[in-house]
Amino acid sequence: MQGSKNAALPVLAASLMVPGVTTLTNCPDILDVACMCSLLEHVGAKVSRRKKTLTVDASGIVCHKLPREYVTRMRSSVVLAGPMLGRCREIAMTYPGGCVIGDRPIDMHIRALERLGVTFFDEQGILYARCGRLRGNTVVLPFPSVGATQNVVMAAALAEGITKIEGCAAEPEIVALCDFLNGAGARIQGGGSRRITVEGVKSLHESTYRVEADRIVAGTYLIGTLAAGGEVFLENAPAGQMESVLELTESMGAILRVCPDGIWVRAGGTVFSPKTVETGVYPAFPTDLQSPLLVALCRAQSQSSLTERIFNGRFAVAEELNKMGACIWVEQNRAVIQGKAALAGCHVTAKELRGGAALVLAGVCAKGGTVVSNRHFIDRGYEDIVRDLRGLGVDIDGEK
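Residues numbered from 1 in each chain as written. Predicted model: local features only at pLDDT ≥ 70, side-chain atom pairs only at ≥ 80, totals over all residues. Heavy atoms only, no water.

Participant: I tried to follow the packing of helix α6 (residues 146–157) against helix α7 (residues 172–183) on my own but got confused; where do I start?
Facilitator: Packed helices, taken two at a time, are described by their axes: the angle between them and the distance between them. α7 packs onto α6 with a crossing angle of 15 degrees between their chain directions and a minimal axis gap of 10 Å. Taken together, α6 and α7 sit at an angle that is classed as roughly parallel. For the pair α6 and α7, the sense of crossing is right-handed. Two secondary-structure elements touch here, α6 through Val-146, Thr-149, Gln-150, Val-153 and Met-154 and α7 through Glu-173, Ile-174, Leu-177, Cys-178 and Leu-181. (Axes fitted to C-alpha atoms, helices over the stretch in contact; angles between N-to-C directions. Helix = DSSP H or I, 4+ residues; strand = E, 2+ residues; numbered from the N terminus. Parallel < 35°, antiparallel > 145°, perpendicular 65-115°, else oblique. Left-handed = near helix turned anticlockwise from the far one by under 90°. Contact = heavy atoms within 4.5 Å.)

Below is the structure:
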C-alpha cells in the first residue's frame, strides 16, 4: 500500500523547520507530493527522490514567498505557514487552491496563528504574515480542522513557551506529524486527542521518518471490491485507522479478515443498503471516501441516503454517475441514492481527486467501456490507479 498523501504533505512542510536533512521513506509518488516538493525547492530546500525515499535538505532557506502557480494547485500548501513562520518569521502566499469541494476558508488558521503572535495582512490578493519570536499561548479551535491543527502544532514547536491547543483534530495524520516532529526534537504531547500541548524548542535536528500507509487509498479499493465483486488483499492497509470503514462495508455485505500485514476483502455477492450514512471528523466515516461510497450505494439493493458533514459542494460526482445510469438526487449536503443501478459506460469527467477515483470504480462496475477525463486530479492522490486495478484483473488502460 502506498504511503499516505495526507500524512506525507504536512511532514514535508515540517521538514522546512529542520536546518539540515530530513529523510522520508515510503513517501508516495503522487502529484501533490511533487507540488509540495516544488514549493520546498522554491524557498531554498534541496529535494531528491530515490524510489520511495525523499530527502529534503532545508539548511539553506533563502526565500519566504511561495509561487502562485503551485499554491493555487493544492489546498495543503496552507500548512507551510506554520513552518515558515517558525523558521523564517515571515511568509507571503496567494490563497491556497486544490480540489473544488465547497467552502474551505483559512480564517481558522489565521486566527489560531495570531494567538502565537503572528500579524497577517492582505495586499492585492497576496496574504502576508510576519512575527518576531513566536510565543506560546492557549489556542481554541472552533472546529477540529486537520490543517489548522497541523499549522498551530508546527508553529508552536518552535515558539517560546508552552502552547495548549483545544478542539484539535484527531486524525491519524495528526499523530503522524507529531511523531515526526518529536523524532526531530520537538516536545509534543496529546497527538490524536482533542487537546495537544506543545513545549517550544529552539531548533529541531535531522531525522528519518517512515510515512504510514494510506488509509484512503486502502478504503477506495476496499469499497471498489464491494461494489464490483471479487477478492482482494490490501497489503499493509492500516486497519486500526479504518474502523468506521470496515464496520460500514461489513454491514453492506463485504467479508473482511484483518491480518497483521493487511486486510482481506471479499464481496459477498449482494450489496446491502446501510439506509443512512454520514461523514464526520475522525473516527467517523471519512469525507474523502464519500465519493467512492456513492458508487457502492448505487449497487445496493435498496435506497440509501448519504449526508456530508465536512464539506459542502462535495457531490459534484453525482451528476457524472447519473450519466452512467445511477439515480442520485442531491439537495444541499444530502444525497439520496436509489440503488440497483445498472451502470453503463460512457465518457465522464473527473472534477476533483476523490470523485475522479469514484468514476474509475464506476467504470469497473459498468457494462461497456468508460472514459474518465482529467486523470491529473486522480494522480494527485493515487500513485497509479490504472496499474493497481490492472493488477486486480480489470481491463483498464490510461497514460499518466
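Participant: Is there a simple way to explain α7 in this structure?
Facilitator: Within an α-helix, residues lying three or four positions from one another point in the same direction, as the helix has 3.6 residues per turn. Between its first and last C-alpha, α7 extends 16 Å over twelve residues, near the 16 Å set by a 1.5 Å rise per residue. For α7, the complete set of buried residues consists of Pro-172, Glu-173, Ile-174, Ala-176, Leu-177, Cys-178, Phe-180 and Leu-181. (Expected span 1.5 Å × (residues − 1). Buried < 20%, exposed > 50% of the residue type's maximum accessible area, 1.4 Å probe, protein only.)

Participant: Help me understand the sheet that holds strand β3 (residues 53–57) in this model?
Facilitator: Each strand in a sheet pairs with another by means of backbone hydrogen bonds, the pair being arranged parallel or else antiparallel. Pairing is mixed in the open sheet, where four strands are placed in the order β2-β3-β1-β11. Two strands bound the open sheet, and with one partner strand each, they are β2 (46–50) and β11 (207–210). In this sheet, adjacent strand axes meet at a mean angle of 15 degrees when their direction is disregarded. Taken together, the four bridges between strand β1 (residues 21–25) and β11 define a ladder with parallel strand orientation. Counted as the bridge partner of Leu-24 is Tyr-209 from β11. This element, helix α2 (residues 31–42), spans β2 and β3 of the sheet and lies at about 150 degrees to β2. (Pairing = 2+ DSSP bridges.)

Participant: What is the right way to read the packing of helix α8 (residues 215–228) against helix α10 (residues 290–298) from this model?
Facilitator: Two numbers describe how α8 lies on α10: the axes approach to 9 Å, and their chain directions differ by 10 degrees. When the axes of α8 and α10 are compared, the pair comes out roughly parallel. In this structure, α8 contributes Thr-220, Ile-223, Leu-226 and Ala-227 to the contact, and α10 contributes Pro-292, Leu-293, Val-295 and Ala-296.

Participant: So what exactly am I meant to see when it comes to empty space enclosed by the protein here?
Facilitator: If a probe the size of a water molecule is rolled over the atoms, the empty space left behind becomes visible. For the structure on display, the rule yields two cavities of 30 Å³ or more. Roughly 70 Å³ of internal volume is contained in the largest cavity. Every residue lining the largest cavity is listed: Val-78, Ala-81, Ile-91, Met-93, Ile-106, His-109, Ile-110, Leu-113, Phe-120, Leu-127, Ala-129 and Asn-151. For the lining of the largest cavity, the secondary-structure elements that each account for two or more residues are β4 (90–94), α5 (107–114) and β6 (126–130). Counting residues per element, the lining of the largest cavity draws most heavily on α5, which supplies three residues. Of the residues contributing to the lining of the largest cavity, the split by class is ten nonpolar, two polar and no charged. Its volume calculated, the second largest cavity comes out at about 30 Å³. Lining the second largest cavity we find Ala-316, Val-317, Glu-320, Thr-349, Ala-350, Lys-351, Glu-352, Gly-355 and Leu-359. (1 Å grid on protein atoms, 1.4 Å probe; cavity = no way out; pocket = protein on both sides within 12 Å on 5 of 7 lines; lining within 4 Å. Points joined across faces, edges and corners; volume = space filled by probe spheres on them. Nonpolar A, V, L, I, M, F, W, Y, C, P; charged D, E, K, R; others polar.)

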